Amino acid sequence: MRAYAQTTTATHTPRGTEYQVIARVTHRMKAAAQQGSAGFAALASAIADNRRLWTALAVDAAGAGNALPDDVRARIVFLAEFTHLHSRKVLTGAASPAPLLEVNAAILRGLRQTAGAA
């Protein structure tokens with residue numbers, strides 16, 4: 001009977017997948033930051049994942065086949081650079097992770113609005 005049962009598999013658009021990945025890493029950073037010094041190891045891990053995420057976004061934005069407008073691509077590359085520089089400051093205790101969370105939240109809002117318009 002199970003062989004003929006309807007299966008439900010989640011299908012995601014590339015934008016939906018981006019949203020989920022960014023939301024997941026943002027949630028991890030926020031939860032770790034709320035723990036204060038006790039959550040530093042978790043924060044460092046989430047920041048490392050966030051840096052990898054932004055590196056991937058920048059590489060994709062800089063690629064010749066990317067269909068985004070040039071100004072949007074340039075902003076993504078700029079935000080990736082900012083994320084890398086600010087992450088270093090957070091990990092050395094010289095800055096708060098709040099700006100990293102704000103950048104990611106702004107991207108999530110943009111992805112949500114664009115998905116709603118589609």
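Being a predicted model, the structure only gives us computed values, none of them experimental.

Rules and cut-offs
- Residues numbered from 1 in each chain as written.
- Predicted model: local features only at pLDDT ≥ 70, side-chain atom pairs only at ≥ 80, totals over all residues.
- Heavy atoms only, no water.
- Helix = DSSP H or I, 4+ residues; strand = E, 2+ residues; numbered from the N terminus.
- Contact = heavy atoms within 4.5 Å.
- Salt bridge = Lys/Arg side-chain N within 4 Å of Asp/Glu carboxyl O.
- Buried < 20%, exposed > 50% of the residue type's maximum accessible area, 1.4 Å probe, protein only.

**Student:** Tell me about the side chain of Thr26, residues and numbers included.
**Tutor:** Residue position: Thr26 is located in helix α1 (residues 14–34). Once residues within four sequence positions are removed from consideration, Thr26 is found in contact with Leu101, Asn104 and Leu108.

**Student:** Residues and numbers for the pattern of salt bridges, please.
**Tutor:** All told, the structure shown has four salt bridges when counted by the stated rule. One salt bridge connects Arg28 with Asp49, and the closest N-O pair in it is separated by 2.5 Å. Note that Arg28 is positioned in helix α1 and Asp49 in helix α2 (residues 40–62), a separation of 21 residues in sequence. Note on Asp49: relative accessible area 24%, which makes it partly exposed. Asp71 is the salt-bridge partner of Arg75, the closest N and O atoms lying 2.5 Å from each other. With a gap of four residues between them, Arg75 and Asp71 both fall in helix α3 (residues 70–91), about one helical turn apart. The class of Arg75 is partly exposed, set by a relative accessible area of 49%.

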